[in-house]
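Report on the structure
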Amino acid sequence: TQNGTVDVANVLLGDVNGDGYIDSADAMLCLRYSVGLKELTKEQKRAANVNHDSFVDAGDAIKILRYDAKLIGSLN
């Protein structure tokens, strides 16, 4: 666990771009993937699926943005 997030097999939940931060850039990748503008690796998809519903979509992007804005304390 790191800052209220879960590190699963070296994948930081919410850190879609792998830069060590969970921020709007990660949310943007979720949105771009959800509309077919960006491909994600298997690891990126695992990091992006923050609502644990097996899909990467706007719901994940919203949760990442809420975490980045400190409206929620973790992505668990």
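Our subject is the structure that appears above.
Sequence order as written defines the numbering, with residues in each chain counted from 1. The predicted nature of this model means local features are confined to residues of pLDDT at least 70 and side-chain atom pairs, given and counted, to a pLDDT of 80 or more, with totals for whole chains, interfaces and linings taken over all residues. Computation of side-chain values covers all heavy atoms of the structure but excludes hydrogens and water.

What follows is about the environment of Phe55. Note on conventions: DSSP H or I runs of at least 4 residues are helices, E runs of at least 2 residues are strands, and numbering of each starts at the N terminus. On the secondary structure map, Phe55 appears in the loop between helix 2 (42-48) and helix 3 (58-68). The rule is simple: take the accessible area with a 1.4 Å probe, protein chains only, and divide by the maximum for that residue type; under 20% is buried, over 50% is exposed, in between is partly exposed. According to the relative accessible area criterion, Phe55 is exposed, its value standing at 54%. Along the chain, Phe55 and Cys30 lie 25 residues apart, while their C-alpha atoms are 9.9 Å from each other. Should any heavy atoms of two residues lie within 4.5 Å, those residues are counted as being in contact. In this view, Phe55 contacts Asn49 and Asp60; residues no more than four positions away in its chain are not counted.

Unusually for a residue other than glycine, His52 sits at a positive phi of about 55 degrees. Along the chain, the position of His52 falls in the loop between helix 2 and helix 3. The residue Lys70 is not glycine, and still its phi comes out positive at about 65 degrees. By the secondary structure assignment, Lys70 is in the segment after helix 3. The class for Lys70 is exposed, based on a relative accessible area of 71%.

Interpretation note: all reported values are geometric properties and have no functional meaning in isolation.
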